[in-house]
Each structure stands twice: as C-alpha cells, then as structure tokens.
Amino acid sequence: MSYVKGLKCRECGRPFPKEPLHVCEFCFGPLEVDYLYDKIEKALSRDRIESREPNMWRYRELLPLDGDPIVGTQAGYTPLIRAKNLAQALKVKELYIKNDAVCYPSLSFKDRVVSVAISKAVEFDFKVVACASTGNLANSVAAHAAAGGIQSYIFVPHDLEQGKILGTLVYGAHLIGVRGNYDEVNRLCSEVAGKYGWAFVNINIRPYYAEGSKTFGYEIMEQLGWKMPQHIVVPMAGGSLITKINKAFKEFAMLGLVKDIHPKVYGAQAAGCAPIVTAIHEESELFRPVKPKTIAKSLAIGNPADGFYAMGVMRQSKGWGEIATDEEIVEAMILLAETEGIFTETAGGVTVAAAKKLIDQGRIPHDESVVISITGNGLKTQEVISEHLSKVKVIGPHLREFDELMKQ
Ligand SMILES: *Cc1c(COP(=O)(O)O)cnc(C)c1O
Ligand SMILES: [Zn+2]
C-alpha cells in the first residue's frame, strides 16, 4: 500500500506522476515527493510505530515505496545518547548525540537514503544503480547493491580517503575516480545518467532518495519520548539532510504525533567549503559556489544542490550556521571520542565544533536541549587524526618492563 500522491515542484507547485523524474519541466525547480497525509494520519499512530521492528521502515507510510523495501531492510534506528560528559564540556544543560556513525550496514546516515533509493530503482525496473559521491554514499550504494545483487557504478573525486575507497571496492562495485572535485564529478554523472539510463540515486531519482533522510528526524522525536528537541545542529554537504530533518519535524507535528515546539535548526560546514553558511552570515539571498579545500571531504560540495532550501530552513526556524577550520575539526573529533566514547569522521568534527561555537555565542542557550547530528564513522577518515594522537608505548612481554613504564 502506497501513500504517495505523486511528485510536486518545490518552486511552482505543479504536480507530476510517480516516475523517475527530478526537475520540473516548466520552471526547472526540483521535484519532491507528495503524500496522502489524510490517509497516513488514519494509518499511523505512536503505538503502531512502536510495535514495529527497530529500523527506519517503522515509518514506512512516510517513505515513497509502493511495495516492501528490497534492500536496506535493517537500516536506521541508531542510538540517541544523552551526552552528559560532552554537555559539561560544552556548558549546556541537555545534550543528545544522534549517532549514525553506527548506521547499518555501511556506518553513515547515507544508508537511510540509499535503502530507499535502490529499492525505488528496482520498483522502477532499473538494472544498474550509480551515484556521484564524496565517499559515504559510495560505500552505501556499493554495499546495498551487492546485497541486492545489482550492478553498481560509482563516481568519486580520485583523492578520497583510503577508508572510503577500500570501503567501496570491497563490495565489488565499479569505482571510477575522477580527476576533479565533487561538483565536476556530479556534472559528469548528469551526462552519464542521460546517456546510459542508469539510476543515479542522487541525481535522476533524487526526490525518492532524499526522503530517506527524514527518518533521522523521526527517530530523534520518538527517542526523545515523542518530543521535538529545542535545537538541532546538522552537517551540510548538498544541504539535503537538514531540509529533510525539518520536513520530518513538520510532518510529525501535522500528523499529531508530537507537539510542535518549533525547533531551531543550525547548519554546520567546514571553513574550507562553506557556501551555505557564508550566505547566512552575509544575510544574502543566494549563495556563491566555492572550490572546496578541507579535510572534511564528505562535506566538500562547493555548489550544493539544496543549498537554497537549507538557507530557508535555518532562517525560518530562527537557527543559524557555523563553520569549523581543519584544526577545530580534529579537536572536536577528539573531544567527542574522549568525552562520549564515540569515534566520528571529519563531518562529525565539523558538527561538534559548530555546536560548540553556537553555544559559546549564546545562540543555543546553556539551559536548553540540543541534539548534535553525528552522521559518519571515524574509522573511515583515520589519516587526518593519526598524527594528533599520543604514540603507542611498546614494551617486551616482561613485568619488569611494564613496571619501568609505570614509573615514568
Ligand atoms: C553526505 C553527508 C552529509 C550531508 O549530506 P547532505 O544531505 O548532502 O547535506 C553529512 N555527513 C556525512 C558524513 C555525509 O556523508
Ligand atoms: Zn516548477
């Protein structure tokens, strides 16, 4: 049973059928999935959701498939942790970490979007799936395609971290390293998609793909005891996740599943690639694309597809945006690991560092509740952090040598 009405243009509002489309043929605006909310309201309740398996498909009425998911049936429902140690370090009363560093199966929030996208691609009868990626999407598409027995072609900037490269090749994906940045990879992929007729999860079936991100927001509200947080900090690459978390808040409020307390939504970017946050700081209507230069490669999108909408979310919710330098990113990765035992990748460092600034600035008040969105795993970006950690103390297998060490 599907609750999808069809697609709708985000600019002019014109309706389109439930097909592999992504741009409006009248105004070139991006298309978005539209639902039969009246029917969903009758079908979905807190009890109904709670009775289901702990994965993202417990919200299946709000996801755009016609049938059951074909891949990624176990994705999502990651821990929401009350982070008391980090709260003390950042001087805020009530702090939570939503931890998609341990999302199944490929250890980033991209498993949420990919399980929807590939399942939808199979419903549309595509035989090959593909993507343009800054790394985590590559890992996730490769893993889910392998599990579904589907061929995958994956395009990435050639100079990605080893962990992201290995974590794609191991699944037997066709991996193409492009000499260029993500925006150049993406442009190439738009041409390939047109010519080869493949399902590019984040290009020609992007409206369906992006809906998977909403489950990150649904879970936070359910895990807070069916409540919205007062503040949430979200990392931004293309700017899709932040807009979909905001959509999740609105949908749950509209369906009467939570009370709307109008959460303030804050976006985080690396200083070396901050087109969206810069536009927020300058209070300008449009953002200027940039050439990325940052260790946070997973967020290195200089011309973000949803940047304009991400700005809208931050403004309308009365949130803000902040940036983190490479040095601040590494510091924040170590802070999160040492205070909460959570090893996040560079994107998580960006988010924690931005949250710290927002709290220090008083934008997030010390006595309110905030959720920090951790979206990826630190084992994938080891090269940035290795030189910043203390060295291993090597000894022979003798008590005497250990005693010596303890005396130092
Ligand atoms: C892709 C990605 C993001 C941001 O995604 P957008 O929806 O493009 O803004 C955040 N964190 C990590 C680790 C990612 O891989
Ligand atoms: Zn339109």
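This text gives an overview of the structure that appears in the document. The structure displayed is predicted, hence computed values, not measured ones.

## Describing the sheet that holds strand β10 (residues 231-235)
Inference 1: One open sheet accounts for six strands, arranged β4-β5-β13-β10-β11-β12; its pairing is mixed. Bordering the open sheet on either side are β4 (80-82) and β12 (321-324), each of which pairs with just one other strand. Taking the axes of each pair of neighbouring strands and ignoring which way they run, one obtains an average angle of 25 degrees across the sheet.
Inference 2: In this structure, β10 lies alongside strand β11 (residues 264-270), joined through five bridges in parallel fashion. Looking at β11, one finds that Val233 is bridged to Tyr266.

## Some words on the sheet that holds strand β8 (residues 174-178)
Inference 1: What the four strands build is an open sheet, ordered β8-β7-β6-β9; its pairing is parallel. In this open sheet, the two strands that pair with only one neighbour each are β8 and β9 (199-200).
Inference 2: Note: strand β6 (residues 128-132) against strand β7 (residues 151-157), five bridges, orientation parallel. By the bridge assignment for β7, Val128 is matched with Gln151.

## So, the coordination of the zinc ion (ligand 2)
Reference values for coordination geometry: four tetrahedral donors around a metal ideally subtend 109.5 degrees, six octahedral donors ideally subtend 90 or 180 degrees.
Inference 1: Protein-derived ligands of the zinc ion (ligand 2) are Cys9 (SG), Cys12 (SG), Cys24 (SG) and Cys27 (SG), with the metal-ligand distances lying across 2.3 to 2.4 Å.
Inference 2: Coordination at the zinc ion (ligand 2) comes from four donor atoms whose angles at the metal span 97 to 119 degrees, giving a geometry best classed as tetrahedral.
Inference 3: Every donor residue of the zinc ion (ligand 2) comes from the same chain, spaced as C-x2-C-x11-C-x2-C.
Inference 4: Classification of Cys24 by relative accessible area gives buried; the value is 0%.

## Points about the packing of helix α4 (residues 110-123) against helix α5 (residues 136-148)
Inference 1: Direction vectors running N to C along α4 and α5 enclose 45 degrees, while the axes themselves pass 9 Å from each other. The pairing of α4 with α5 is recorded here as oblique in orientation. Here the hand of the crossing between α4 and α5 comes out right-handed. Every residue of α5 that contacts α4 at Lys110, Asp111, Val114, Ser115 and Ile118 is listed here: Asn136, Leu137, Ser140, Val141, His144 and Ala145.
Inference 2: The class makeup of the residues in the contact of α4 with α5 is five nonpolar, four polar and two charged.

Procedures and definitions
Residues numbered from 1 in each chain as written. Chains lettered and ligands numbered in written order. Predicted model: local features only at pLDDT ≥ 70, side-chain atom pairs only at ≥ 80, totals over all residues. Heavy atoms only, no water. Pairing = 2+ DSSP bridges. Helix = DSSP H or I, 4+ residues; strand = E, 2+ residues; numbered from the N terminus. Axes fitted to C-alpha atoms, helices over the stretch in contact; angles between N-to-C directions. Donors = N, O, S within 2.8 Å, 3.2 Å for Na, K, Ca; no water. Tetrahedral: all angles 85-135°; square planar, octahedral: opposite > 155°, others 65-115°. Buried < 20%, exposed > 50% of the residue type's maximum accessible area, 1.4 Å probe, protein only. Parallel < 35°, antiparallel > 145°, perpendicular 65-115°, else oblique. Left-handed = near helix turned anticlockwise from the far one by under 90°. Contact = heavy atoms within 4.5 Å. Nonpolar A, V, L, I, M, F, W, Y, C, P; charged D, E, K, R; others polar.

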